[in-house]
Amino acid sequence: MQRPGWDRYFMEIATVVAKRSTCLRRRVGALLVLNKRILSTGYNGAPAGLRHCGEIGCLREQLNVPSGERHELCRGLHAEQNSIIQAAVHGVAINGAVLYCTHYPCAVCAKMLINAGVRSMVLTQNYPDELAKNLFAEAGLKIKTIV
């Protein structure tokens, strides 16, 4: 049995985290890692204690909003946002961390990740948000895609 490398190891964990997602459109999992240690995790879904989309439906789906547009209509938080929030709630500094995420972040998450001091990302799937890609490029974030 071959031992997985660090990127594969953390991405497999992000994939398991995504299984907790309550989003009807896309299951996303994220980890923030520093010095090969997991600082926080997050998945996409409604804020804690609120009804999930599976219970009340998805407004973006009902309005046929394309992927990558009109994030303000969604009641859920993104996995990257939840990972940042969980670190903050528990007093964990994430400056210099690596984001492992099952999907490419949107522009809103990109701005948060940049300001939080995330320095690089490892991703598996793309997301149609050119602004996010431009923001990451301008900020100099290193991005690695693995399959």
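In the block above lies the structure referred to throughout.
All values derive from a computational prediction rather than experimental measurement. (Residues numbered from 1 in each chain as written. Predicted model: local features only at pLDDT ≥ 70, side-chain atom pairs only at ≥ 80, totals over all residues. Heavy atoms only, no water.)

*Asks:* Quick one: what's the story with the sheet that holds strand β2 (residues 37–43), residue by residue and with numbers?
*Replies:* The strand order β2-β1-β3-β4-β5 describes an open sheet built from five strands, whose pairing is mixed. In this open sheet, the two edge strands, each paired with only one partner strand, are β2 and β5 (142–145). Taking the axes of each pair of neighbouring strands and ignoring which way they run, one obtains an average angle of 20° across the sheet. The pairing of strand β1 (residues 29–34) with strand β3 (residues 98–103) spans four bridges and is classified as antiparallel. Across the sheet, residue A30 finds its bridge partner in β3, namely C101. This element, helix α1 (residues 6–18), spans β1, β2, β3, β4 (120–125) and β5 of the sheet and lies at about 55° to β3. (Pairing = 2+ DSSP bridges. Helix = DSSP H or I, 4+ residues; strand = E, 2+ residues; numbered from the N terminus. Axes fitted to C-alpha atoms, helices over the stretch in contact; angles between N-to-C directions. Contact = heavy atoms within 4.5 Å.)

*Asks:* I'd like to hear about the packing of helix α4 (residues 79–89) against helix α5 (residues 107–116), residue by residue, with values.
*Replies:* In contact at an axis separation of 9 Å, α4 and α5 are set at 30° when each is read in the N-to-C sense. Accordingly, the angle class assigned to the pair α4 and α5 is roughly parallel. For the element pair α4 and α5, the recorded crossing hand is left-handed. Residue-level contacts link E80, Q81 and I84 of α4 to V108, C109, M112 and L113 of α5. Residue classes in the contact of α4 with α5 are distributed as five nonpolar, one polar and one charged. (Parallel < 35°, antiparallel > 145°, perpendicular 65-115°, else oblique. Left-handed = near helix turned anticlockwise from the far one by under 90°. Nonpolar A, V, L, I, M, F, W, Y, C, P; charged D, E, K, R; others polar.)

*Asks:* For the packing of α5 against helix α6 (residues 130–139), give the residues involved together with the corresponding values.
*Replies:* At a minimum axis distance of 8 Å, the contact between α5 and α6 shows a crossing angle of 20°. Between α5 and α6, the crossing angle belongs to the class labelled roughly parallel. Read as a crossing pair, α5 and α6 show a hand that is right-handed. Facing A107, A110, K111, L113 and I114 of α5, the residues of α6 in contact are L131, A132, L135, F136 and A139.

*Asks:* Describe the layout of surface pockets, naming the residues involved and giving the relevant values.
*Replies:* Empty space among the atoms becomes visible once a probe the size of a water molecule is rolled across them. Empty space within the largest pocket amounts to approximately 370 Å³. Contributing to the lining of the largest pocket are 30 residues, with C23, N44, R60, C74 and H78 lying nearest its centre. Breaking the lining of the largest pocket down by element, the ones donating at least two residues are α3 (59–62) and α4. When its residues are assigned to classes, the lining of the largest pocket shows 15 nonpolar, ten polar and five charged. Taken as a whole, the second largest pocket holds about 230 Å³ of empty space. (1 Å grid on protein atoms, 1.4 Å probe; cavity = no way out; pocket = protein on both sides within 12 Å on 5 of 7 lines; lining within 4 Å. Points joined across faces, edges and corners; volume = space filled by probe spheres on them.)

*Asks:* Please give an account of the pattern of salt bridges that cites residues and values.
*Replies:* Within the structure shown, the criterion is met by four salt bridges. For E61, the salt bridge identified is with R25, shortest N-O distance 3.0 Å. Taken together, the residues E61 in helix α3 and R25 in the loop between α1 and β1 connect sequence positions 36 residues apart. A relative accessible area of 43% places E61 in the partly exposed class. A residue is classified by how much of its surface remains accessible, and R25, at 32% relative accessible area, is partly exposed. With a shortest N-O distance of 3.8 Å, E130 and K133 are connected by a salt bridge. Of the two residues, E130 and K133 both sit in helix α6, three residues apart, roughly one turn of that helix. Assessed through its relative accessible area of 22%, K133 is described here as partly exposed. (Salt bridge = Lys/Arg side-chain N within 4 Å of Asp/Glu carboxyl O. Buried < 20%, exposed > 50% of the residue type's maximum accessible area, 1.4 Å probe, protein only.)

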